[in-house]
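Chain residues, written in single-letter form:
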Protein chains: 2
Amino acid sequence: MALLIACSSRAEQFAAEIRALEPGLNLRIEPNVGQAADIEAALVWQPPPGLLARLPGLRLIVSVGAGVDGLLADPTLPKVPLVRFVDPDLTGRMAEYITLQVLYHQRRMSEFRDLQTQRVWRYLPEPAASDVRVGLMGLGVLGRAAADALRPFGYRLRGWSRTPKTVEGVVSFCGPEGLDAFLAETDILAVLLPLTQETRGLVNRGLLGRLSRHGRSPLLPGPALINAGRGGLQVDRDIVAALQSGELYAASLDVFETEPLPAASPLWQHPRVVVTPHNAAESAPAAIARYALRQWRAYNSGAALDHVVDRTRGY
Amino acid sequence: MALLIACSSRAEQFAAEIRALEPGLNLRIEPNVGQAADIEAALVWQPPPGLLARLPGLRLIVSVGAGVDGLLADPTLPKVPLVRFVDPDLTGRMAEYITLQVLYHQRRMSEFRDLQTQRVWRYLPEPAASDVRVGLMGLGVLGRAAADALRPFGYRLRGWSRTPKTVEGVVSFCGPEGLDAFLAETDILAVLLPLTQETRGLVNRGLLGRLSRHGRSPLLPGPALINAGRGGLQVDRDIVAALQSGELYAASLDVFETEPLPAASPLWQHPRVVVTPHNAAESAPAAIARYALRQWRAYNSGAALDHVVDRTRGY
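What counts, and where the lines are drawn
Residues numbered from 1 in each chain as written. Chains lettered and ligands numbered in written order. Predicted model: local features only at pLDDT ≥ 70, side-chain atom pairs only at ≥ 80, totals over all residues. Heavy atoms only, no water. Domains from an automatic or database assignment. Contact = heavy atoms within 4.5 Å. Buried area = accessible area lost by both parts, 1.4 Å probe. Salt bridge = Lys/Arg side-chain N within 4 Å of Asp/Glu carboxyl O. Polar contact = N/O pair within 3.5 Å; in protein donor to acceptor, adjacent residues only side chain to side chain. Axes fitted to C-alpha atoms, helices over the stretch in contact; angles between N-to-C directions. Helix = DSSP H or I, 4+ residues; strand = E, 2+ residues; numbered from the N terminus. Parallel < 35°, antiparallel > 145°, perpendicular 65-115°, else oblique. Left-handed = near helix turned anticlockwise from the far one by under 90°. Nonpolar A, V, L, I, M, F, W, Y, C, P; charged D, E, K, R; others polar. Buried < 20%, exposed > 50% of the residue type's maximum accessible area, 1.4 Å probe, protein only. Pairing = 2+ DSSP bridges. Right-handed = clockwise from strand over helix to strand, strands pointing away. Phe/Tyr/Trp six-rings, centres within 6.5 Å; stacked < 30°, edge-to-face > 60°. Lys NZ or Arg CZ within 6 Å of the ring centre and 35° of its normal. Least-squares fit on C-alpha atoms with pLDDT ≥ 70 in both.

1. Some points on the domain arrangement of chain A
Residues and elements named next belong to chain A.
Moving on, step 1. When cut into domains, chain A gives domain 1 (2–87 + 283–301) and domain 2 (89–275).
Moving on, step 2. Look at where the C-alpha atoms of domain 1 and domain 2 centre, and you get two points 33 Å apart.
Moving on, step 3. With eleven residues of domain 1 at the contact, the number on the domain 2 side is seven residues.
Moving on, step 4. Regarding the contact of domain 1 and domain 2, the summed buried area is about 750 Å², with carbon and sulfur atoms giving 54% of it.
Moving on, step 5. Our count for the contact surface shared by domain 1 and domain 2 stands at one salt bridge.
Moving on, step 6. Here domain 1 is connected to domain 2 by seven residue pairs in polar contact (both at pLDDT 80 or more).

Listed below in structure tokens is the structure:
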């Protein structure tokens, strides 16, 4: 029995970490699949479509990412347990990213950056955290980690999710019927939703125009958007239009409809947009290796797997 | 009896907030001092030197800032209780600023900004918070607030102070004899010291060269400096030199030897320096008004004042 690593990036790093933890393991790295029948488990990130279907002995798939929309888009994906990567390294990095970007916009850092490039020393009043309403779209393990990180600063936290969720210190809204009220009371929107048929393109002009309609946080020039979920959740050109119209004050985007973000995108050089290369929660190879081996051992011993994807739900 | 507001900026804002809270108060705004003998208390920020000495009835001075080095530099400062402003609004804003800048450098945001301006999508590995040692210089009320804000992210916290301090989760060093060991194990140095004869110019080339000598955090390109204390603590040209030599990877500076920072300073346009205009903890006028009135009432009722400055110590 063997473990296949089929990852479009960092495959050798994952292999080195797995070998360090379990030297005796029969490890294959795509495209060197070897005897396909031997392979019982696969650690994957953007594997070639159809590849996994050609492994007759496959019993377990572990996704390097927390988002599995890409894998589920392959109709040939074998119907074996699909586990997505969620561990403290991932949730910690995501909580850092969301906190960093919320603080960045609350503290008007885009404007201070602009002033700095012009060598201008100018005071700008900044809202207190207690006057800023942060809306978390998605209250799964990542959304809850973000709430836990933001809570001590005193932000007024709101959350929106598909089904009702109870999170300490978060005023929660749910379903399509709760979306309008959620958006109307959100100054900084942080998107951590899974990409599903229901959420694709959700962050569009219409949604952005509904942000903080019930009055803005004093001193904040307008609503801000953070997307560290999936690029397919947003409509890039609608974000550009909302920034141009002033409906949106600023944005921090880690994901895009097309990745890498095309050089022609106006998002690259907008003065109040922070672009990062889908690394909000790029976990350490060692953490991914540990997690994959834990799943493999759980599978072999009949123990419970972590974070098995519900395919009808899509995450 | 009257309260004088002698502030080089925001005087009218403070007055409006104080009037809203206590409409009957006899309030004067410098330079309209009126009958000097009436004035029993003064709320000050950079008052004209000698002004306070000309108020024979003065019994209480409240400083708008937490740092009082400027006031103490006036040899004519009356020997009445001098209270510095320290409240949850101030400590919260300072904790936000330190957390924002620590996250910014841990997550290599200066480099991502550079890549963004070049429209380059490139992954840079980032250290986990648990692999980054943050050293807090100053463990007073601001240093402890910063420690409280940073702790949940998992940073390895060190602290240095004049006298021994015990802060939860912080490995503490103290005095000149503890400085070397503190610096040798610090990746990101955050300076929150008061400015005194002992601390003036402390953040110089020699000190910066001693940072993280006992091995660096993996993935962090080098040590980073954050100064949100006082400009007089640092030697601006030494920071520039340390950045040029590579001893320093990056810096976030809210304070400078000369403020406003002169247009000719190379700090303005260094790609890995964040310049902010001494607003790390620019408190809301309402919070300052509330605090000043609380001190005034405490004085009048004989109750204890908050944060009275020890003039021999200098803070």
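2. A closer look at the interface of chain A and chain B
Interface size is commonly expressed as the accessible area that is lost once the parts come together.
Moving on, step 1. The interface of chain A with chain B comprises 53 residues on the first partner and 53 residues on the second.
Moving on, step 2. For the pair chain A and chain B, the summed buried surface comes to about 4,300 Å²; carbon and sulfur atoms form 58% of the total.
Moving on, step 3. Three residues, Q116(A), R119(A) and W121(A), lead the burial of chain A against chain B; their summed loss comes to 20% of the area buried on that side.
Moving on, step 4. Put simply, chain A and chain B have two salt bridges between them.
Moving on, step 5. Of the charged contacts in the structure, one is a salt bridge between R107(A) and E96(B), with a shortest N-O distance of 3.1 Å.
Moving on, step 6. Between chain A and chain B we count 28 residue pairs in polar contact (both at pLDDT 80 or more) in total.

3. Some details on the packing of helix α3 (residues 88–106) of chain B against helix α5 (residues 141–150) of chain B
All names here are of chain B.
Moving on, step 1. Running from N to C, α3 and α5 cross one another at 55°; their axes reach a closest spacing of 8 Å. It follows from the interaxial angle that α3 and α5 lie oblique. Between α3 and α5 lies a crossing of right-handed hand. Residue-level inspection shows L90, T91, M94, A95, I98, T99 and V102 of α3 in contact with α5, the latter providing V141, L142, A145, A146, A149 and L150.
Moving on, step 2. Class assignment for the residues of the contact of α3 with α5 results in eleven nonpolar, two polar and no charged.

4. Section: the pattern of salt bridges
Residue and element names in this part refer to chain A.
Moving on, step 1. This model, assessed by the stated rule, comprises 30 salt bridges over all chains.
Moving on, step 2. Residue D148 is joined to R151 by a salt bridge in which the shortest nitrogen-to-oxygen separation is 2.8 Å.
Moving on, step 3. Residue classification places D148 among the partly exposed residues on the basis of a relative accessible area of 44%.
Moving on, step 4. Given a relative accessible area of 23%, R151 falls into the partly exposed group.
Moving on, step 5. Between E247 and R205 there is a salt bridge, with the nearest N and O atoms lying 2.7 Å from each other. With a gap of 42 residues between them, E247 in the loop between α8 (236–245) and β11 (250–253) and R205 in helix α7 (residues 205–209) connect regions that are remote in the sequence.
Moving on, step 6. For E247, a relative accessible area of 26% puts it in the partly exposed group.

5. A closer look at the pairing of strand β11 (residues 250–253) of chain B
Residues and elements named next belong to chain B.
Moving on, step 1. Alternating residues of β11 divide into A250 and S252 and A251 and L253, and every residue in both groups is buried.
Moving on, step 2. Where strand β10 (residues 224–227) and β11 come together, four bridges link them in parallel fashion. Each bridged residue has a counterpart across the sheet, and for I226 the counterpart in β11 is S252.
Moving on, step 3. Taken together, β10, helix α8 (residues 236–245) and β11 form a β-α-β motif whose crossover is right-handed.
Moving on, step 4. In this sheet, strand β12 (residues 273–275) lies alongside β11 in parallel orientation, the contact comprising three bridges. Bridging from a neighbouring strand, L253 pairs with V275 of β12.

6. Regarding the packing of aromatic side chains
Moving on, step 1. Counted under the stated rule, the structure contains nine aromatic pairs over all chains.
Moving on, step 2. On the basis of an interplanar angle of 70° and a centroid distance of 5.7 Å, the ring pair of W121(A) and F256(B) is categorised as edge-to-face. Taken together, the residues W121(A) in the loop between α4 (109–117) and β6 (133–137) and F256(B) in the loop between β11 and β12 connect one chain to another.
Moving on, step 3. Taking the ring centre of Y315(A) as reference, the NZ or CZ of R313(A) above it sits at 4.0 Å.

7. Points about the relation of the copies chain A and chain B
Moving on, step 1. When chain A is fitted onto chain B, the two copies agree to an RMSD of 0.1 Å after a turn of 180° and an axial shift of 0.0 Å. The two molecules are tied by a two-fold rotation axis, judged by turn and shift. The C-alpha atom lying nearest the rotation axis in chain A is that of L100(A); the distance is 2.8 Å.
Moving on, step 2. A shared interface surface links the copies, since 100% of the contact residues of chain A are contact residues in chain B too.

8. Brief notes about the packing of helix α3 (residues 88–106) of chain A against α3(B)
Moving on, step 1. Contact geometry for α3(A) and α3(B): axes closest at 9 Å, N-to-C directions at 125°. Looking at the two axes, α3(A) sits oblique to α3(B). As for how α3(A) packs across α3(B), the hand of that crossing is left-handed. Together, E96(A), T99(A), L100(A), L103(A), Y104(A) and Q106(A) of α3(A) and E96(B), T99(B), L100(B), L103(B), Y104(B) and Q106(B) of α3(B) make up the contact between the two elements.
Moving on, step 2. Broken down by class, the residue content of the contact of α3(A) with α3(B) amounts to six nonpolar, four polar and two charged.

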